[in-house]
Each structure stands twice: as C-alpha cells, then as structure tokens.
Amino acid sequence: MDALIIKITKETPEIIFNPKDDLYSIKGKSLPENAVDFYKPIFDWISNFSLNHPNKNIALNVDIDYMNSSSIKLLFFIFNTINKHYQTNKNANTCINWFCSKDDELMVNKGNEFKELLDLPFYIKFKN
Amino acid sequence: MDLYKYYTEFNNSNEIFILYGDFSDEITSHLSDLNSNLNADDKKISKRLSYLTIETFQNIVRHGYQSVEEKNSKRIKKGMFAYTKVKDGFILGTVNEIKSEKAEVLKTQLEELNQLNEVELKEKYIETLYREDRTENGGAGVGLISVLRKSTGNISYIFEPINDKISRFFFQSNLIKSTDTTPDFLTEKFFNLMSENDIVLFRKGIFNHSYMLLITELLDAKLNVNSDSAYGKSFFFIVRELLQNIYQHSKTNNNEGVFLLREDQDKLNICCGNFIESSKTKLISTYIDQLNSLDKLGLKELYKEKLFSQMDFENTSSSGGIGLLEIKKLVNSQIYYNFDTVSEKMSFFSIKVSI
C-alpha cells in the first residue's frame, strides 16, 4: 500500500503513514477549518491498511501541540481504528505513543483521557 | 450579558473592532493583518485604511502619556483603538492620555490643519518634513499631517482633562465616499462602552476561520497571558472554540456575530453571540443546562458517550459537536447563555465563559 504523506502547515499537522519504513506519525498543530476534510483521507487510509494487513504492526506516534475540538473527535476516530486493529490480532507492537511536554497540563490530560477510553497499549512519553 | 444590545446599539456600523487598555508596538502588525481581512471593495480605500490603521495606532504608542514608572521598561501606553465600517466608508478612532501642556499645542496644530485644503496640506507636509525642530518623539507633526491627507474631510477631536497634568485626547479620522455628511463622533461612544464595562476587545461583524486565527494572535501579543502556561492554553482554547461557534453556527448570510472580552477582577470573561434559528433554542438550552449540572465524573461519562456514539463521518458536523463539553471540562464555573428574540424564526444566542 502506498505511503500517505501530508506536509505540515500553520493549521494542520504533518502526517506520515509509511508501511515500508514502519513509520506512522502525526506531528504539529491541529486547527483545520474543516476537520472532516482534513482527517477523512487519513481515516480511510488507516481503515484500508488495517483491512488489508491485519497482521501488520501500527505503532502510531502522536506529537500535537494544540488541537481544536473537531480535531479531537476525528483523531479519536483514527485512534479507535488502530484500537480495533489491535483487538483483531493483539499484536504486541501495535500501540499509540502520545508525546507531550511534562509541563503541558492540557496535553497530558488529553493523553490520559484517550488512554482510558481505548483498549490498546497507549504510552504517554514526555518530551522534556 | 448585553451582546444583542451592543449589536443593535451601533446599527449603522456593519463592522466594528475596538481594542482598549495597554498597548505596545508589538500589536501594530496584528492590527494591520486584521484590517486586511476586512473587505474594502475599493483597493485605494483599502490601502489608505491600512496606512491609517498603522499611523493612528502608532500615535498612541509614540505620543501617549507615559508615567515615570513605565519609562524604563517597554513602551506601554493606555488607550483605545477602533475602526468601524459604516454605510459610505470607514471611521478610525483613537483615545490616549497626553500631558495637558502638550494638549494645548496639539489643539492649535489641529485647528490650523483642519483649515487647509489639499494643496495647502501637501505644502505643509513638505515644509514639516524638512523642518529641523523635531519633537522628542521624532514625529514632528508629519504623521498627523499624513493622516489628514489620507482622510476625507476634517479630523474630529476632543480634549478632556483628567487632572491638572493629564488630558484625554479623542481623535477620529474618516474615509467616507460622500463628503456631504459628517459622520457621528463614534470614538467617544466606543470609549464609554469599553471603559465603563472593562471591555478589552469588542468585535461586531463577519467572522471566519482566518479572522479567528488573527484575533487569537492579537490577543497573544496584547494580553498578559502566557500562552504556554496551563491557564493560557485553556484560555486560548476557549477563545478559538467560541469564535468558531460563531462562523460555524451563525444563521445569517455573512456569519455575523459579536465577540467581547471583558476583565472581571481576576478573571477574563469570553462572550460570543450569533444568530440562530429559533427552533434550535430548546435543544441548545437543554444541552448547556445538562453540562452545567454535571460533576467531573458526569462530564467524563458524557464525553465517552459522545466520542463513541457518533463515529460517522457522513453525519459528523465540521465542528465536531464536543466543543462546549471540552470547554466545560476546562472551567470550574457555569456556562452562561441567553436568547434574544429577533423575529419568529430568528433568535440571537449569547454565551459567556469565565476563566
């Protein structure tokens, strides 16, 4: 399956979904005007990948400085797809790594919220 | 909350932007960016508006009264800056404090300049440019003459003594197509609105995504809020979400609304208002009442329910539907709201969050 690479902008994060290099990453700020338009292609990609490669690992690295409420919801759709992928084969290397600053209370709390809602390995990793 | 009252009070102004409080040079570029987001139909007017915005704002920072304590730190001046779009053009107004002795000199200068025609103003401009006796702020009056040259008609102004040493200077310049009528002196009305209600920023008009981003950048430069702190991140999250609500849910053609930021002792009150279909008021009030009634655990459960129950891209609104819930989770206080009936089918929805 071809990689999905979307360049970073002032309002949207960099997306790297590259099965060849085993690299899955969402990094930057997320305040798109229309979150559905931005995140649906990413959701579609991860859904198709999971369907066609049920035994592959997906270790998603998430490093977001800021996100608006519509981004939160749609990111959750994506995380839950990876959650279901994990449930299918319980592959030990499928997980979500949530990167944030230790001092960033909002992002630490958001990470913990997602961790509680999902049922897959979810690691909160401090950047400093 | 009087957002609808403010909306209707300035009925003749389609767009209003007012900033009040402490100003520094840092804000200048943000004001210019906000201005360029406005639709001035005429390119020439647009350029003049841009010039007048920067020049009139910088007059506050350059020439406003500065107390001795502030002199050694960054140049910060108290004042007000406003622009408004009226039927035939634009009005720009500023208010700042000046030394009373300086007020007398300025009054004489303005009286003289207002008497000059276009040709005489140009001559005066050139004469002043080459004059050697520049003021301690380096302006030499050139800025003032430039403002007059780029405006239509005379400058309007008032000097109001505050005490025996300081006066308040109200200044208004107009960019109006028709020179038959003299616009109202709105600057004083705007100042009264802001100062009597501790309002830091007031905006009536069109809202969109770009404008939301510009407003938050301006507030980041103006306010004494560290945008990297927990409080700062929460504050700016709420500002963005409430601004988004205006242009995503407003039921008028132009995404019209009102945004207001008010200082209330140790809190900031963030208020937004927009038009909605009257049929939606019950749904909104039920939802906000529910949010206000829930404790932390209740909010958590509702959050989980909303995230899992609406996993449908086709039916997901671009706003996501969890904005108010996210806001409620951040603040330890009630979300206040109000509906004003506009017509049988239309209401004005106002919301206030304190942080």
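The structure we're discussing is the one just above.
First, a word on scope: everything that follows refers to the structure included in this document.

## Thoughts on the nonpolar core
- In this structure, A:Phe17, B:Phe17, B:Phe235, B:Phe259 and B:Leu261 are the most contacted members of the largest nonpolar core, which totals 114 residues.
- Ignoring anything within four residues of it in the chain, the contact list for B:Leu261 reads B:Asp198, B:Ile199, B:Val200, B:Leu201, B:Leu219, B:Leu223, B:Phe235, B:Leu268, B:Asn269 and B:Ile270.
- Formed by 26 residues, the second largest nonpolar core is a distinct cluster that contains B:Tyr4, B:Ile18, B:Ile91 and B:Phe191.

## Remarks on the interface of chain A and chain B
- Contact with chain A, which involves 30 residues of that partner, is made by 34 residues of chain B.
- Around 2700 Å² of area is buried between chain A and chain B when both sides are counted, 65% of it from carbon and sulfur atoms.
- Our enumeration of links across chain A and chain B arrives at five salt bridges.
- The salt bridge partner of A:Asp104 is B:Lys233, with a shortest N-O separation of 2.6 Å.

## A word on the side chain of B:Arg203
Residue and element names in this part refer to chain B.
- In this fold, Arg-203 is placed in strand β6 (residues 199-206).
- Only 2.8 Å separates the side chain of Arg-203 from the side chain of Glu-15, close enough to count as a polar contact.
- Separated by 2.6 Å, the side chain of Arg-203 and the backbone oxygen of Ile-206 make a polar contact.
- With sequence-adjacent residues up to four places away left out, Arg-203 is seen in contact with Glu-15, Ile-16, Tyr-211, Gly-257, Val-258 and Phe-259.

## Description of the sheet that holds strand β8 (residues 267-277) of chain B
All names here are of chain B.
- Spatially, ten strands are ordered β4-β5-β3-β2-β1-β6-β7-β8-β10-β9 in an open sheet, and the strand pairing comes out antiparallel. Each end of this open sheet is capped by a strand with a single partner; those strands are β4 (156-161) and β9 (336-341). Neighbour-to-neighbour, the strand axes of the sheet open up by a mean angle of 15 degrees, direction not taken into account.
- With respect to the sheet, helix α8 (residues 186-196) is in contact with β1 (13-23), β2 (77-86), β3 (89-99), β4, β5 (166-176) and β6, its orientation differing from that of β1 by roughly 60 degrees.

## Points about the sheet that holds strand β5 (residues 95-100) of chain A
Residues and elements named next belong to chain A.
- Here we have six strands laid out as an open sheet, ordered β1-β2-β3-β4-β5-β6, and mixed in their pairing. Looking at the sheet topology across the chains shown, the edges are occupied by β1 (4-6) and β6 (122-126). Taking each pair of neighbouring strands and ignoring which way they run, the sheet shows an average axis angle of 15 degrees.
- In this sheet, strand β2 (residues 14-18) lies alongside β1 in antiparallel orientation, the contact comprising three bridges. What sits directly across from Ile-6, in β2, is Ile-15.
- Contacting β3 (23-30), β4 (59-67) and β5, helix α2 (residues 69-89) runs over the sheet at an angle of about 175 degrees to β4.

## Some points on unusual backbone geometry
All names here are of chain B.
- A positive phi is found at Asp-198, a non-glycine position, where the angle reads about 55 degrees.
- Although it is not a glycine, Gln-265 adopts a positive phi angle of roughly 55 degrees.
- Locating Gln-265 in the fold gives a position in the loop between β7 (256-264) and β8.

## A short note on a nonpolar patch on the surface
- Together, B:Ile126, B:Leu129 and B:Tyr130 line one region of the surface with nonpolar side chains, adding up to about 320 Å² of accessible area.
- On the secondary structure map, B:Ile126 appears in helix α6 (residues 118-129).

## Comments concerning helix α12 (residues 296-309) of chain B
- Here α12(B) contains 14 residues, and its C-alpha end-to-end distance of 20 Å stays within 8% of the 20 Å for a straight helix at 1.5 Å per residue.
- By the burial criterion, the buried members of α12(B) are B:Gly298, B:Leu299, B:Leu302, B:Tyr303, B:Lys306 and B:Leu307. In an axial view of α12(B), the angular spread of the buried residues amounts to 160 degrees, which keeps them on one side of the axis. Exposed side chains of α12(B) directed beyond 90 degrees from the buried face belong to B:Leu297, B:Glu305 and B:Ser309.
- Where α12(B) is buried, its residues contact α2 and α3 (105-117) of chain A together with α11 (281-293) and α13 (323-330) of chain B.

## What to know about the pairing of strand β10 (residues 346-354) of chain B
Residues and elements named next belong to chain B.
- Of all nine residues in β10, seven are buried; the element is thus mostly enclosed.
- Bridging between β9 and β10 involves six bridges; their strand directions are antiparallel. Bridging from a neighbouring strand, Thr-341 pairs with Ser-347 of β10.
- Between β9 and the antiparallel strand that follows it, β10, lie four residues.

## Points about the environment of B:Ser229
Residues and elements named next belong to chain B.
- For Ser-229, the location among the structural elements is in the loop between α9 (209-222) and α10 (230-249).
- The class of Ser-229 is partly exposed, set by a relative accessible area of 24%.
- Looking at Ser-229, its side chain comes within polar contact range of the main-chain oxygen of Asn-226, at 2.7 Å.

## Considerations on the pattern of salt bridges
All names here are of chain B.
- Inspection of the entire model under this criterion finds 17 salt bridges over all chains.
- The closest approach of N and O atoms between Glu-15 and Arg-203, which form a salt bridge, is 2.8 Å. Remark: Arg-203 occurs in strand β6 and Glu-15 occurs in strand β1; sequence separation between them is 188 residues. The exposure classification of Glu-15 matches that of Arg-203, with both residues buried.

## Quick notes on the packing of α10(B) against α13(B)
Residue and element names in this part refer to chain B.
- Remark: α10 packs on α13, axes separated minimally by 10 Å, with the N-to-C direction vectors making an angle of 155 degrees. The orientation of α10 relative to α13 falls into the category roughly antiparallel. Helix-helix and strand crossings are classified by hand; for α10 and α13 the assignment is left-handed. Here Ser-234, Phe-237, Ile-238, Glu-241, Leu-242 and Asn-245 of α10 come into contact with α13, specifically with Gly-323, Leu-324, Glu-326, Ile-327 and Leu-330.

Each value, and the rule that gives it
Residues numbered from 1 in each chain as written. Chains lettered and ligands numbered in written order. Predicted model: local features only at pLDDT ≥ 70, side-chain atom pairs only at ≥ 80, totals over all residues. Heavy atoms only, no water. Core = buried A, V, L, I, M, F, W, Y, C linked by side-chain atoms within 4.5 Å. Buried < 20%, exposed > 50% of the residue type's maximum accessible area, 1.4 Å probe, protein only. Contact = heavy atoms within 4.5 Å. Buried area = accessible area lost by both parts, 1.4 Å probe. Salt bridge = Lys/Arg side-chain N within 4 Å of Asp/Glu carboxyl O. Helix = DSSP H or I, 4+ residues; strand = E, 2+ residues; numbered from the N terminus. Polar contact = N/O pair within 3.5 Å; in protein donor to acceptor, adjacent residues only side chain to side chain. Pairing = 2+ DSSP bridges. Axes fitted to C-alpha atoms, helices over the stretch in contact; angles between N-to-C directions. Patch = residues over 30% accessible without salt bridge, like charges linked within 9 Å, V, L, I, M, F, W, Y side chains within 5 Å. Areas by Shrake-Rupley, 256 points an atom, 1.4 Å probe, with all protein chains shown as cover. Expected span 1.5 Å × (residues − 1). Arc of directions from axis to C-beta. Parallel < 35°, antiparallel > 145°, perpendicular 65-115°, else oblique. Left-handed = near helix turned anticlockwise from the far one by under 90°.

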